[in-house]
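Listed below, chain by chain, are the residues.
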Amino acid sequence: MKRFVIWRKAFIVWLLMILVESIHGSLREFVIAPLIGESLARQLSFFTGSFLILTLASLTAPWLNATTRQHQLQVGVLWMVLMFLFEVGLGLARSFSWERINSEYNPAKGGFMLIGMIILLLAPVIGAWLRSRRWHFTNH
């Protein structure tokens, strides 16, 4: 039963990530990119997006209650797979070519999505660790 609760909560947190990342992406596309250019805006958004994901993972870690490293990694796999499917689906819905979608995952072409997916995979572990460090530092 606990695993089902974790999966349900992990999906809810992922939906929250989609909401936050959608707002983040819209700000990048409509505000930042016109100011600094598309390529630089995409690269900058990798860092701000990673910060947002890790912040959400840290803030929701107690509620998610994935207490073992195995459960945290399983949640990370779920988030990574769901995000990959969402990103590909969004790219196809926006009529992006497979080449364009692929380029997002190719660091040689300026894409950081592959690294972002690794961060997403590890986000529950990092979030739980950050949460435990925060508690440790605020109580000493």
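Just so it is clear, the structure is predicted and the values come from calculations on it, not from any experiment. (Residues numbered from 1 in each chain as written. Predicted model: local features only at pLDDT ≥ 70, side-chain atom pairs only at ≥ 80, totals over all residues. Heavy atoms only, no water.)

### What about the overall build of the chain?
Phase 1 of the analysis: Counting its secondary structure elements, the chain contains five helices and zero strands.
Phase 2 of the analysis: Along the chain, helices and strands appear, N-terminal first, in the series α-α-α-α-α.
Phase 3 of the analysis: Since a compact globule built from 140 residues should have a radius of gyration of about 14 Å, the 16 Å found for the chain is in line with a globular shape.
Phase 4 of the analysis: On the principal axes, the C-alpha backbone points of the chain span a range of 45 × 35 × 25 Å.
Phase 5 of the analysis: Here the chain holds 140 residues, and 32% of them are scored as buried.
Phase 6 of the analysis: Across the chain, every contact between residues at least 6 apart in sequence was considered, and the portion connecting residues at least 24 apart equals 76%. (Helix = DSSP H or I, 4+ residues; strand = E, 2+ residues; numbered from the N terminus. Rg over C-alpha atoms; globule rule 2.2 N^0.38 Å. Buried < 20%, exposed > 50% of the residue type's maximum accessible area, 1.4 Å probe, protein only. Contact = heavy atoms within 4.5 Å.)

### Re the layout of surface pockets
Phase 1 of the analysis: One number sums up the size of the largest pocket: a volume of about 900 Å³.
Phase 2 of the analysis: Mapped by element, the contributors of at least two residues to the lining of the largest pocket are helix H1 (2-36), helix H2 (38-64), helix H3 (69-93), helix H4 (98-103) and helix H5 (113-138). (1 Å grid on protein atoms, 1.4 Å probe; cavity = no way out; pocket = protein on both sides within 12 Å on 5 of 7 lines; lining within 4 Å. Points joined across faces, edges and corners; volume = space filled by probe spheres on them.)

### Focus: empty space enclosed by the protein
Phase 1 of the analysis: In this structure the tally under the stated criterion is one cavity of 30 Å³ or more.
Phase 2 of the analysis: Taken as a whole, the largest cavity encloses approximately 30 Å³ of empty space.
Phase 3 of the analysis: Surrounding the largest cavity, Arg3, Ile6, Trp7, His71, Gln74 and Val75 form its lining.
Phase 4 of the analysis: Broken down by secondary-structure element, the contributors of at least two residues to the lining of the largest cavity are H1 and H3.

### Some details on the packing of aromatic side chains
Where two aromatic rings form a pair, the distance of their centres and the angle of their planes describe that pair.
Phase 1 of the analysis: All told, the structure shown has six aromatic pairs when counted by the stated rule.
Phase 2 of the analysis: With centroids separated by 5.0 Å and ring planes inclined at 75°, the aromatic side chains of Phe46 and Phe47 adopt a geometry described as edge-to-face.
Phase 3 of the analysis: By relative accessible area, which is 14% here, Phe46 ends up buried.
Phase 4 of the analysis: For the cation-ring pair, Arg100 lies above Phe96, with the distance from its terminal atom to the ring centre recorded as 4.1 Å. (Phe/Tyr/Trp six-rings, centres within 6.5 Å; stacked < 30°, edge-to-face > 60°. Lys NZ or Arg CZ within 6 Å of the ring centre and 35° of its normal.)

### What about H3?
Phase 1 of the analysis: Its 25 residues place the ends of H3 35 Å apart at the C-alpha level, agreeing with the 36 Å of an ideal helix rising 1.5 Å per residue.
Phase 2 of the analysis: Within H3, the full set of buried residues consists of His71, Gln72, Val75, Gly76, Trp79, Leu82, Met83, Val88 and Gly91.
Phase 3 of the analysis: Just past H3, the residue Ser95 takes up positive phi, approximately 65°. (Expected span 1.5 Å × (residues − 1).)

### Considerations on the environment of Leu121
Phase 1 of the analysis: Within the fold, Leu121 resides in helix H5.
Phase 2 of the analysis: Residues Leu121 and Leu78, 43 residues apart in the sequence, show an inter-C-alpha distance of 8.0 Å.
Phase 3 of the analysis: Setting aside anything within four residues of it in sequence, one finds Leu121 in contact with Leu73, Gly76, Val77 and Met80.

### A short note on unusual backbone geometry
Residues apart from glycine generally show negative phi values, whereas peptide bonds are mostly found in trans.
Phase 1 of the analysis: Despite not being glycine, Asn65 shows a phi value in the positive range, around 60°.
Phase 2 of the analysis: Tracing the backbone through its elements, the reader meets Asn65 in the loop between H2 and H3.

Any functional reading would require information that these geometric values do not contain.
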